[in-house]
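If you want the building blocks of each chain, they are given just below.
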Amino acid sequence: MLLKGYTKQIFRPECNPSFESVHCVATLNEDIGEVLPYLNAVLGGTQYFKDPPQVMFHHNGRIIKVGAREIAVNALADEAQAEKILGWLKNEINQAWENRESITPCFAGRARPQLMEILKMLPKTNCKKCGQATCMVFAVALREGAIGPDACPELDGEKLQKLEGYLNGFDLEA
């Protein structure tokens, strides 16, 4: 077992303390830098940095950064959700370490859809029918895999198929 434990800190963002979501930073008891390329290969990180070693994940509208001695997660509902995600990551880290001989390490992030390409395919009416403030916010959520293209009621037929075809070339669930 590589990662045995951590201590976590839960806080509201300093830039806007009125936000309902919280952030979490977990300081790891062990240095897990060596496992990061294997974890990246298994979970498909969106970005990978070699120095210092870090891998970034975008999952369900939140950003997760895993470094050699720290894990940071944003946009959490509460401490219980933070603990659930940290527990899942601890398990994934330890499994990747145990299985490293059968995993090809990956030192690069996965390809992601281009934000402007998505925006070009949207109606750009900022109608808010999708529940987002603007088409740009919708495009960001779509790029991160938090919503699907069918969440835009203004897209149909050929336009929807074109956007879905573009997005199908990317793994938005990892």
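Scoring rules and cut-offs
Residues numbered from 1 in each chain as written. Predicted model: local features only at pLDDT ≥ 70, side-chain atom pairs only at ≥ 80, totals over all residues. Heavy atoms only, no water. Pairing = 2+ DSSP bridges. Helix = DSSP H or I, 4+ residues; strand = E, 2+ residues; numbered from the N terminus. Axes fitted to C-alpha atoms, helices over the stretch in contact; angles between N-to-C directions. Salt bridge = Lys/Arg side-chain N within 4 Å of Asp/Glu carboxyl O. Buried < 20%, exposed > 50% of the residue type's maximum accessible area, 1.4 Å probe, protein only. Phe/Tyr/Trp six-rings, centres within 6.5 Å; stacked < 30°, edge-to-face > 60°.

(A) Region of the structure containing the sheet that holds strand E4 (residues 54–59). Pairing in this open sheet of six strands is antiparallel, and the strands run E1-E2-E6-E5-E4-E3 from one edge to the other. The sheet is open, and its two borders are formed by strand E1 (6–11) and strand E3 (47–49), each paired with just one other strand. Strand-to-strand twist in this sheet, taken as the mean axis angle between neighbours without regard to direction, amounts to 15 degrees. As paired strands, E1 and strand E2 (residues 22–28) are joined by six bridges and run antiparallel to one another. The partner of Gln9 across the bridge, within E2, is Val25.

(B) Representation of the pattern of salt bridges. One pass over the full model with this rule turns up five salt bridges. Here Glu117 and Lys120 are joined by a salt bridge, their closest N and O atoms 3.0 Å apart. Residue Glu117 and its partner Lys120 are located together in helix H3 (residues 115–121), separated by three residues, close to a single helical turn. Owing to a relative accessible area of 56%, Lys120 belongs among the exposed residues under this scheme.

(C) Looking closely at the packing of aromatic side chains. Evaluation of the coordinates by the stated rule reveals one aromatic pair. Ring centres of Tyr48 and Phe107 lie 5.8 Å apart, and the angle between their planes is 90 degrees; on these two criteria the pair is classed as edge-to-face. Taken together, the residues Tyr48 in strand E3 and Phe107 in the loop between helix H2 (79–98) and H3 connect sequence positions 59 residues apart. Owing to a relative accessible area of 13%, Tyr48 belongs among the buried residues under this scheme.

(D) How the structure looks around the pairing of strand E5 (residues 62–67). Among the six residues in E5, five count as buried, and that is most of the element. One ladder, built from six bridges, connects E4 with E5; its direction is antiparallel. Directly across from Gln54, in E5, lies its bridge partner Gly67. Linking E4 to E5, which pair antiparallel, is a turn of two residues; within it Asn60 sits at a positive phi near 50 degrees. Sheet analysis places E5 next to strand E6 (residues 70–76), joined by three bridges and oriented antiparallel. Each bridged residue has a counterpart across the sheet, and for Lys65 the counterpart in E6 is Ala72. Hairpin connection between E5 and E6: a loop of two residues separates the two successive antiparallel strands.

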